[in-house]
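Here is what each chain is made of, one letter per residue.
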Amino acid sequence: MGFAKKIVAALFFSFLVAGFGFSDEAIDEDLRFEINLSDTVGTRLLNFSNCTDLGVDITAKDNRVGGRIGFMFRESWLKTSDRYAFGLSFNPYLGFCFYNGCVMGGIIFFPGVEGCSPYIGLNWDFDVIPIKNEFSSSLAFRVGIDWYPAYIESDDPNTSVIITVFGSVIPNLFVGGTYKFGYGMKTK
């Protein structure tokens, strides 16, 4: 199955099951600590990527608002005429969480490239297996959009220039899965 077909199938499945993942148990916690691990696939039209994200959330008000600290490893590919060009990046970030969404900002490093670049993103988790009070784990589908300057290593200098220029303008759209586990408590 081609990469584009996988993206379309994953998006369709994500929206289909998003409606089945709501818990009938109301969250009643003042403070929650949670670790989330996600893996997503994304595209910028010119290239595609796989991203692994590990984050730690601290939320309040029944898991409605809070903060996240995390880091991502991203592999990117671009199909050239005869092969795939490859890029790898490391991305630490901070985020503001609200109602199962997160706005993130940070920096992105590309091995072999001096310095770093800015990173901004937004993701939303649609619970399939929602969290429960106190200790629990959950499973969610993640969809989102992020922006960062693109970099792909290639033997052809024109390929590197094209992906850097166009990839730095076009945002990355992604979809994937998230596993979360954590503990919530009443503080009063």
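The structure reproduced in this document is the subject of the present report. Since we're looking at a predicted model, the values are computed, not measured.

**Description of the overall build of the protein chain**
- If you tally the helices and strands in the protein chain, you get 2 helices and 8 strands.
- Within the protein chain, the proportion of its 188 residues that are buried is 41%.
- Long-range contacts, defined as pairs at least 24 residues apart, comprise 60% of the intrachain contacts of the protein chain with a sequence gap of at least 6.

**Here's the deal with unusual backbone geometry**
- The backbone phi angle of Tyr99 is positive, close to 45°, even though this residue is not glycine.
- Within the secondary structure layout, Tyr99 lies in the loop between β4 (84-98) and β5 (101-108).
- Classification of Tyr99 by relative accessible area gives exposed; the value is 54%.
- The phi dihedral of Asn100 is positive, around 75°, even though this residue is not glycine.
- Structurally, Asn100 is set in the loop between β4 and β5.
- Residue Asn100 is classed as partly exposed on the basis of its relative accessible area of 23%.

**Here's the deal with the pattern of salt bridges**
- Per the stated rule, a full pass over the model turns up 8 salt bridges.
- Residue Asp146 pairs with Arg74 through a salt bridge whose shortest N-O separation is 2.9 Å. Of this pair, Asp146 sits in strand β7 (residues 135-147) while Arg74 sits in strand β3 (residues 65-79), and the two are 72 residues apart along the sequence. Arg74 carries the same exposure label as Asp146, and that label is buried.
- By sharing partners, the salt bridges in this structure join Asp53, Asp125, Arg142 and Lys180 into a single network.

**Some words on empty space enclosed by the protein**
- This model, assessed by the stated rule, comprises 2 cavities of 30 Å³ or more.
- Along the wall of the largest cavity there are 13 residues; nearest its centre are Asp57, Thr59, Asn63, Cys97 and Asn100.
- Contributions of two or more residues to the lining of the largest cavity are made by β2 (48-60) and β4.
- Every residue lining the second largest cavity is counted, 14 residues in all, and those nearest its centre are Thr40, Cys51, Met72, Arg74 and Phe174.
- No other element matches β2, which puts 3 residues into the lining of the second largest cavity.
- Here the residues of the lining of the second largest cavity sort into 5 nonpolar, 5 polar and 4 charged.

**Observations regarding the environment of Phe71**
- Assignment of secondary structure puts Phe71 in strand β3.
- Expressed as a C-alpha distance, the spacing of Phe71 and Gly106, which sit 35 residues apart in the sequence, is 9.1 Å.

**Structural notes on the nonpolar core**
- Formed by Cys51, Met72, Tyr93, Cys97, Cys102, Met104, Ile108, Phe110, Tyr119 and Tyr148, the largest nonpolar core amounts to 10 residues.
- When contributions to this core are tallied by element, the ones reaching two or more residues are β4 and β5.
- Per-element accounting of this core gives the leading share, 3 residues, to β5.

Procedures and definitions
Residues numbered from 1 in each chain as written. Predicted model: local features only at pLDDT ≥ 70, side-chain atom pairs only at ≥ 80, totals over all residues. Heavy atoms only, no water. Helix = DSSP H or I, 4+ residues; strand = E, 2+ residues; numbered from the N terminus. Buried < 20%, exposed > 50% of the residue type's maximum accessible area, 1.4 Å probe, protein only. Contact = heavy atoms within 4.5 Å. Salt bridge = Lys/Arg side-chain N within 4 Å of Asp/Glu carboxyl O. 1 Å grid on protein atoms, 1.4 Å probe; cavity = no way out; pocket = protein on both sides within 12 Å on 5 of 7 lines; lining within 4 Å. Points joined across faces, edges and corners; volume = space filled by probe spheres on them. Nonpolar A, V, L, I, M, F, W, Y, C, P; charged D, E, K, R; others polar. Core = buried A, V, L, I, M, F, W, Y, C linked by side-chain atoms within 4.5 Å.

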